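Per-entry structural report
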Amino acid sequence: MTTNAANILFVDDERQVLSSLKRLLRPTGHKIHTASSGSDGLALLDQHDMDIVVSDMRMPEMDGAAFLTQVAEKWPATTRMLLTGYSDLSSAIEAINKGAIYRYLTKPWDDSDIVLCIEQAIEAQRLVREKERLENAVAQQNDELRSLNESLEQKVAERTREIEASREALEAAHNDLQQGYAATIKVFARMVQSRAGLGNRTSVASDAHEIGAQLGLDENQCSSLHDAALLCDVGKLTLPDDTVRTPYTKLGANEQREYHRHPIIAEATLLSLEPLAEAATIIRHHCERYSGKGFPDRLSADEIPLAARILAVTKGFADLLDGRIFEDCMTVNEARSYLESQKGDYYDPAVVDAFLKWLGSSRRKSSEALERKLTLGSLHAGMTMARDLCDEKGVLILGEGQRLTDSLINRLTQLQDAMDEPFEIYVLQTGSRPRSPDGSAVDR
């Protein structure tokens with residue numbers, strides 16, 4: 001028997017017919033079963049799984065139509081075929097309808113025809129089973145794929161949470177680094193401010209940041225410019241006290257040559273700190289003149305980095321007001337006129353124009369109006385420090401943004417009495433907030 005052999009049941013009340021059919025199908029290798037009545041056929045179906053059932057139409061007790069109808073009800077997967085004479089065709093039609101007959105064969109039959117019909121029925125049944133197998137396999141694979149997708153979605157969600165947690169950790173570390181970096185800048189700036197003859201460069205830094213943004217520098221470049229403005233005098237810490245305190249135009253030739261080294265010293269001091277590398281370059285070139293007659297490299301016009309040209313103007317304006325260039329301090333209008341007169345010589349004309357326009361803007365004026373200078377006796381709880389308060393050596397006492405309390409004011413009073421020197425305290429006007437380098441209000 002072949003591996004594809006089928007179980008075939010023939011039911012007929014004539015033994016000669018059953019013998020003939022058995023002899024006919026024996027060469028095919030299929031396993032042949034026979035029954036002489038419908039009841040015997042049903043008994044065999046209870047014992048064996050039959051692939052094909054071929055039943056005669058005319059049988060005593062139970063005809064083929066009734067027998068195949070029961071087979072269809074109990075064993076619907078079994079293929080059913082009917083043997084009938086020409087005179088029984090009307091009955092065969094009823095059997096086809098009730099028993100869901102696959103084919104009917106007429107008596108007498110053609111041997112090759114009946115063998116072919118049975119082989120076709122077996123092949124059709126094989127295809128149906130293969131179709132069911134494939135459908136079940138596809139359904140199982142779909143279930144597995146659905147489960148895999150759910151698992152994948154869960155893994156993606158978990159991985160996303162891990163990435164988000166890592167991002168948040170990196171962002172927190174970056175913020176800590178930025179805060180540490182900002183603190184370092186403040187320490188350097190306070191060291192410079194503590195030196196006699198040098199002062200606070202906060203307003204210079206704010207103005208430089210604003211002009212840089214107006215003239216197309218990106219935020220990173222503006223931040224480096226802001227840092228450079230705060231630290232532009234760091235190289236002067238190596239100069240003698242007399243040189244630092246004397247206005248530049250009153251220095252002798254030898255003192256000026258020594259003074260000209262301070263941008264190089266500042267660059268050398270800051271260059272090893274990678275976050276300050278760009279600021280160090282800006283500081284090196286901020287004393288160049290637009291005409292090429294400055295120091296230390298005698299660069300001119302566009303050879304001078306734009307950020308350095310901006311710092312030259314904003315710092316120059318502050319130095320004119322504070323008497324660091326000429327012996328006398330200039331008024332704001334005098335300083336403005338001086339900047340105008342030096343366009344194309346000391347300063348970049350485009351930078352001067354942008355700066356003077358900024359000085360006259362309502363936003364710049366409102367920024368100046370945000371703070372006021374008060375004596376210690378005028379302070380009250382709830383006020384906010386507009387600037388850092390340092391002692392004469394540059395040691396920080398209270399930081400910008402600190403909100404005053406009665407306890408803090410009492411301690412400041414005791415400290416001022418002990419130092420025997422009045423504090424210069426700048427607080428924000430009522431309702432104002434601390435301002436970022438670009439002049440906009442920020443929350444503390």
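What you are looking at is a predicted structure, and each value in this text was computed from that prediction instead of being measured.

Section: the overall build of the protein
Within the protein one finds 16 helices and nine strands. Out of the 444 residues belonging to the protein, those deemed buried represent 41%. Contacts in the protein between residues far apart in sequence, at least 24 positions, make up 59% of those at least 6 positions apart. Entry remark: accessible area of the protein is about 24200 Å², with carbon and sulfur atoms responsible for 50%.

A short note on the environment of Tyr-346
Summarising the element assignment, Tyr-346 is placed in the loop between α13 (332-341) and α14 (349-359). Counting along the chain gives 45 residues from Tyr-346 to Ala-301, while the straight-line C-alpha distance between them is 9.9 Å. Contact partners of Tyr-346, with chain neighbours within four places excluded, come to Glu-288, Arg-289, Tyr-290 and Tyr-338. Engagement of the side chain of Tyr-346 in a polar contact is seen with the side chain of Arg-289, the distance being 3.4 Å.

Description of helix α12 (residues 306-322)
If you check α12, its first and last C-alpha atoms are 25 Å apart, about what 17 residues at 1.5 Å a residue would give, namely 24 Å. Of all 17 residues that make up α12, 14 are buried, and the element is covered over most of its length. Phi turns positive, to about 75°, at Gly-323, one or two residues after α12.

Some details on the sheet that holds strand β4 (residues 79-85)
Pairing in this open sheet of five strands is parallel, and the strands run β2-β1-β3-β4-β5 from one edge to the other. At either end of the open sheet lies a strand with only one pairing partner, and these are β2 (31-35) and β5 (103-107). For this sheet, the mean angle separating the axes of adjacent strands, direction not counted, is 20°. In this sheet, β4 lies alongside strand β3 (residues 52-56) in parallel orientation, the contact comprising five bridges. Note that in β4 the partner of Asp-56 across the bridge is Leu-83.

Section: the confidence of the model for the protein
Looking at the protein, pLDDT values average 84 and 87% of them are 70 or higher. The element-level mean pLDDT for the protein is lowest in helix α4 (residues 89-99), coming to 65, with α14 highest at 95. Scored below 50 in pLDDT, residues 431-444 shows 27 contacts in the model against residues more than four places distant or in partner chains.

Observations regarding the nonpolar core
Within the largest apolar cluster, 54 residues are counted, with the highest numbers of intra-cluster contacts made by Leu-225, Leu-231, Leu-311, Leu-339 and Phe-355. When residues of this core are traced back to their parent elements, those giving at least two are α5 (111-193), α6 (202-214), α7 (219-231), α10 (262-270), α11 (277-285), α12, α13 and α14. The biggest single contributor to this core is α12, with nine residues. Judged by nonpolar contacts, the second largest core, of 19 residues, contains Leu-21, Ile-118, Ala-121 and Ile-122.

Quick notes on the pattern of salt bridges
Where charged atoms from two side chains of opposite charge approach closely, those side chains can pair. One pass over the structure, following the stated rule, counts 27 salt bridges. Asp-143 is paired through a salt bridge with Arg-146; the nearest N and O atoms lie 2.7 Å apart. Here Asp-143 and its partner Arg-146 are both found in helix α5, three residues apart, which amounts to about one turn of the helix. Residue classification places Arg-146 among the partly exposed residues on the basis of a relative accessible area of 45%. One salt bridge in this structure joins Arg-167 and Glu-171, with 2.6 Å as the shortest N-O distance. Separated by four residues within a single helix, Arg-167 and Glu-171 lie in helix α5, roughly one turn from each other.

Each value, and the rule that gives it
- Residues numbered from 1 in each chain as written.
- Predicted model: local features only at pLDDT ≥ 70, side-chain atom pairs only at ≥ 80, totals over all residues.
- Heavy atoms only, no water.
- Helix = DSSP H or I, 4+ residues; strand = E, 2+ residues; numbered from the N terminus.
- Buried < 20%, exposed > 50% of the residue type's maximum accessible area, 1.4 Å probe, protein only.
- Contact = heavy atoms within 4.5 Å.
- Areas by Shrake-Rupley, 256 points an atom, 1.4 Å probe, with all protein chains shown as cover.
- Polar contact = N/O pair within 3.5 Å; in protein donor to acceptor, adjacent residues only side chain to side chain.
- Expected span 1.5 Å × (residues − 1).
- Pairing = 2+ DSSP bridges.
- Axes fitted to C-alpha atoms, helices over the stretch in contact; angles between N-to-C directions.
- pLDDT = per-residue confidence, 0-100.
- Core = buried A, V, L, I, M, F, W, Y, C linked by side-chain atoms within 4.5 Å.
- Salt bridge = Lys/Arg side-chain N within 4 Å of Asp/Glu carboxyl O.

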